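# Architecture at a glance
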Amino acid sequence: MAFNKLTSNGSATPAGLVAASLAHAFALFVAVSVGANISGGHVNPAVTFGAFVGGHITLIRSIVYWIAQLLGAVIACLLLKFSTGGLETSAFALSSGVGAWNAVVFEIVMTFGLVYTVYATAVDPKKGNIGIIAPIAIGFIVGANILAGGAFDGASMNPAVSFGPAVVAWSWDNHWVYWLGPFVGAGIAAVVYEVFFIAPSTHEQLPTTEY
């Protein structure tokens, strides 16, 4: 929205994409940092789903988190629209030449990277001191994914981020893409990390007995 304001709704440029990716990276770094000790700093329904798949959060708590995340996104967009004098909070959309299923795969891959990073730096019981950098690592992977995928489908990775603008702008074209892709990617990342990196280390090797 700031870019559109500065350019009078001009065409997107590489500089604008870089600015958007940096803004998201810094903002998410702060959001995860301030929320980590309170709620885990999920911020994202896909991250919550990944934690649920791995057994790190209950279904009831997950539903509460999803409701809070979606309400937060809608209220944020309403406040943003009001505070900017009625500027449009544009919903996520696919770029020209990008099909819905192309975008689904893109969202799966990007969200896999995000949730895998969350597991490696924040969830894994073996994380040790690396947990200190979890917020900045999570912010960096989101910024990097926006640089890679922003020009194709907006690089959501977060159903709440897509839901808020869609409600306020009342634009639902291909909205399902931004739910299916992130949830599938998050689920795969959770299963992969749990099976290959967490589960084997939770069982101590039985002591050998010498005769």
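Residues numbered from 1 in each chain as written. Predicted model: local features only at pLDDT ≥ 70, side-chain atom pairs only at ≥ 80, totals over all residues. Heavy atoms only, no water.

Identification of the chain as Major intrinsic protein from Corchorus olitorius is taken from an unreviewed UniProt entry. According to the UniProt record, the Subcellular location (unreviewed entry) comment for the chain reads "Vacuole membrane". Quoted verbatim from the Sequence similarities (unreviewed entry) field of the UniProt record, the comment on the chain reads "Belongs to the MIP/aquaporin (TC 1.A.8) family. TIP (TC 1.A.8.10) subfamily." (UniProt positions renumbered as here; feature names shortened; annotations may be inferred.)

Before going further, it helps to spend a moment on a nonpolar patch on the surface. Taken together, the side chains of Phe 29, Val 30, Val 34, Ile 130, Ile 132, Ile 133, Ile 136 and Phe 140 define a hydrophobic patch exposed on the protein surface, amounting to about 740 Å² of accessible area. Where the nonpolar patch is concerned, the elements lending two or more residues are helix H2 (14–35) and helix H6 (134–153). Looking at the nonpolar patch element by element, the count peaks at three residues for H2. With respect to the helices and strands, the residue Val 34 is situated in helix H2. Given the relative accessible area of 58%, Val 34 is considered exposed. (Patch = residues over 30% accessible without salt bridge, like charges linked within 9 Å, V, L, I, M, F, W, Y side chains within 5 Å. Areas by Shrake-Rupley, 256 points an atom, 1.4 Å probe, with all protein chains shown as cover. Salt bridge = Lys/Arg side-chain N within 4 Å of Asp/Glu carboxyl O. Helix = DSSP H or I, 4+ residues; strand = E, 2+ residues; numbered from the N terminus. Buried < 20%, exposed > 50% of the residue type's maximum accessible area, 1.4 Å probe, protein only.)

Examined against the element boundaries, Ala 19 turns out to sit in helix H2. Owing to a relative accessible area of 43%, Ala 19 belongs among the partly exposed residues under this scheme. With 37 residues separating them along the chain, Ala 19 and His 56 place their C-alpha atoms 34 Å apart.

With that out of the way, let us pick up helix H3 (residues 45–53). Every α-helical turn comprises 3.6 residues, leaving residues that sit three or four positions apart pointing alike. All of the buried residues along H3 are Pro 45, Ala 46, Val 47, Thr 48, Gly 50 and Ala 51. Sitting at the amino-terminal end of H3 is Asn 44, which places a side-chain oxygen 2.8 Å from the backbone nitrogen of Ala 46. Residue Gly 55 follows H3 closely and has a positive phi angle near 80°. (Polar contact = N/O pair within 3.5 Å; in protein donor to acceptor, adjacent residues only side chain to side chain.)

A few words now on unusual backbone geometry. Non-glycine residue Trp 170 carries a positive phi angle of around 50°. As for its placement among the helices and strands, Trp 170 is situated in the loop between helix H7 (159–169) and helix H8 (177–198). With a relative accessible area of 63%, Trp 170 lands in the exposed category. Even without glycine at this site, Asn 174 takes up a positive phi of about 55°. Its relative accessible area of 31% is what places Asn 174 among the partly exposed residues.

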